[in-house]
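# Chain and residue survey
Letter by letter, the chains look like this.
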Amino acid sequence: MNTAMLLLALAVILVAAQVLGAAARRVGQPPVVGEIAAGVLLGPTLFAGAVPETLFPQDVRPGLAALADLGVAVFMLVIGMDLDQRLLRGQRAAAAGVAAGSIALPFASGALLALYLARTHETTGTTLAFVLFFGAAMAITAFPVLVRVLTDRGMHRIAVGGLAVAVAAIGDAVVWCLLAAVLTLTGEQSGWQTVLAVPYLLVMVFAVRPALATVAAALARRGRPLPPSALAGVVVFAAGSGAATEWLGLHFIFGAFLAGAVIPRAGTEALRAEIVARIRPLGSVLLPVYFAVAGLAVDLSTVTVTAVGELALILLIAVSGKFLGAYAAARACGQSSRHAATLGVLMNTRGLTELIVLDIGLRTGLLDTALYSLMVVMTIVATAMTGPLLHVVYPPRLLADLPSGVTHPRVPEPGPAGGACQP
């Protein structure tokens, strides 16, 4: 490996991500939109592929891919640790109902679109695996990006914001489980390995989690900063869990996410906050590398008229499926029209989570390069639409009208007709 070129490539990636991320923030977009765009621009789309050929020669790409995978593993670990079941207090029924709607319609419409796309795109898996995978990819909401959007706009302290976070958490958990099931259909692993995923999950929840609770309680009683060995232990735990799920025929991200999710929360809030605060920066630094590696597979320079038509269909079904599914379910659960529309807009936030799913599809052969490129464009566009549409359906003046320090209760706002999903 050319170490000098690897370090130069890393420097260029981080600078490009910072510049475009800051530019995205200045125009009211989540920084991740600019960072993903930076990854695409560093790919073969511009200048006939001269940029990646110069900056990312073949001998440095394995090193970049390893750094990218590490960044994603840390990211999924933090996402797992950030999940809080208390978000569902008082609104479990509404959150579950809206999550079901925001998954069912985009999944079904995406699966139908996949049947059409299967005629012109080659995959190494079965048609059933491709259809199910594509439906799952269309149903994804980027939980961390959504939280960032709500926090930036001060909406995390109002009822619809809390409900949106709960819906996204439930939805992503369901889609990840569905995706895990789809990966078993690719035939890359033997059946007995995949079957072992169930006992592995049970061991993590009912054996490892209580053991971790004992260790975490002992650390919390110390009342001192975490020793480096504790932080190293968390990373080792996530890496080991990721290695286990990779061997079981799933993807390492499932193991990293599960490792974060089983770390106990009750009585260890300060400890968890310290761990997340000290680990999150590592993922933030390495994620742009992941975007760049993903961008190497995106080539928009050869897009044809047919591909443009396919992109239009993908965007139409992805955005409308998420919006209409969440809106209809929210109205059925007693939400007002404004809150239902707000949830529909927020569920279209895709960002990094969508990119991870698409990368899995590309690596397993369920997506070809052309369709992967179109889906990446959809990810950027759908995520970029969230901010402007949110201004329309939930104008900032509604937040400005709230007295300082006052929040709406974190329970669903009933609409004029009530709703079957009210708790």
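Keep in mind that what you see is a predicted model, and the values were worked out from it rather than measured.

Criteria and cut-off values
- Each chain has its residues counted from 1, running along the sequence as written.
- At least 70 in pLDDT is required for a residue's local features to be given in this predicted model, at least 80 for side-chain atom pairs to be given and counted, and no such filter applies to totals for whole chains, interfaces and linings, which use all residues.
- The side-chain values count all of the structure's non-hydrogen atoms but skip hydrogen atoms and water molecules.
- Only one rule defines a salt bridge in this text: a Lys or Arg side-chain nitrogen within 4 Å of an Asp or Glu carboxyl oxygen.
- Secondary structure follows DSSP: runs of H or I at least 4 residues long count as helices, runs of E at least 2 residues long count as strands, and numbering of each begins at the N terminus.
- Burial classes follow relative accessibility: with a 1.4 Å probe on protein chains only, a residue under 20% of its type's maximum area counts as buried, one over 50% as exposed, and anything between as partly exposed.
- Any Phe, Tyr or Trp ring, taking Trp's six-membered ring, that has another such ring centre within 6.5 Å forms a pair; planes under 30 degrees apart are called stacked, those over 60 apart edge-to-face, and the others tilted.
- Only heavy atoms enter the contact rule, under which two residues are in contact if any of them lie within 4.5 Å.
- To count toward a patch, a residue needs a relative accessible area above 30% and no salt bridge. Like charges then connect within 9 Å, nonpolar side chains (Val, Leu, Ile, Met, Phe, Trp, Tyr) within 5 Å.
- Accessible surface area values rest on a Shrake-Rupley calculation with a 1.4 Å probe, where residue burial reflects the displayed protein chains alone.
- The set of buried Ala, Val, Leu, Ile, Met, Phe, Trp, Tyr and Cys residues whose side-chain atoms join them within 4.5 Å is what this entry labels a nonpolar core.
- Expected helix span is taken as 1.5 Å per residue step, with the number of steps being one fewer than the number of residues.
- Consider a residue and the seven residues that end there alongside the seven that start there; fitting an axis to each set, the bend is the angle between those axes.

### Re the pattern of salt bridges
- Tallied over the full model, the rule gives four salt bridges.
- Of the charged contacts in the structure, one is a salt bridge between R278 and E274, with a shortest N-O distance of 3.2 Å. Of this pair, R278 and E274 are both found in helix α13 (residues 269-295), four residues apart, which corresponds to roughly one turn of the helix.
- The class of E274 is partly exposed, set by a relative accessible area of 24%.
- One salt bridge connects D359 with R363, and the closest N-O pair in it is separated by 2.8 Å. Taken together, the positions of D359 and R363, both in helix α16 (residues 351-363) and four residues apart, correspond to about one turn of that helix.
- Beyond isolated ion pairs, a larger network of salt bridges with shared partners links D69, D359 and R363.

### Structural notes on the packing of aromatic side chains
- With the rule as written, the count across this model stands at three aromatic pairs.
- Aromatic side chains F130 and F134 sit 5.9 Å apart centroid to centroid with 45° between the ring planes, which places their arrangement in the tilted category. Of this pair, F130 and F134 both sit in helix α6 (residues 127-138), separated by four residues, roughly a single helical turn.
- Given the relative accessible area of 1%, F130 is considered buried.

### Description of the side chain of N348
- Positionally, N348 belongs in the loop between α15 (337-346) and α16.
- Under the relative-accessibility criterion, N348 is labelled buried at 5%.
- Those residues within four positions of N348 in sequence are excluded, and the remaining contacts are A318, V319, K322, F323, A382, T383 and T386.

### Brief notes about a nonpolar patch on the surface
- A contiguous nonpolar patch, built from V198, L201, L202, V205 and F206 and spanning about 470 Å² of accessible area, is present on the exposed surface.
- Its place among the elements puts V205 in helix α10 (residues 197-222).

### A short note on the nonpolar core
- Counting 118 residues, the largest nonpolar core has M76, F134, M138, I253, I314 and I356 as the members making the most contacts within it.
- Ranked by the residues each element gives to this core, the list is headed by helix α8 (residues 159-183), at 14 residues.
- When near neighbours in sequence (up to four residues on either side) are disregarded, I314 contacts L113, L117, F134, M138, L371, L374, M375 and M378.
- With 16 residues, the next largest nonpolar core counts L77, V78, A238 and L271 among its residues.

### Regarding α13
- With 27 residues, α13 extends 37 Å between its outermost C-alpha atoms, agreeing within 8% with the 39 Å of an ideal straight helix rising 1.5 Å per residue.
- A maximum bend of about 30° is found in α13 at L286, where proline P288 lies one to four positions downstream.

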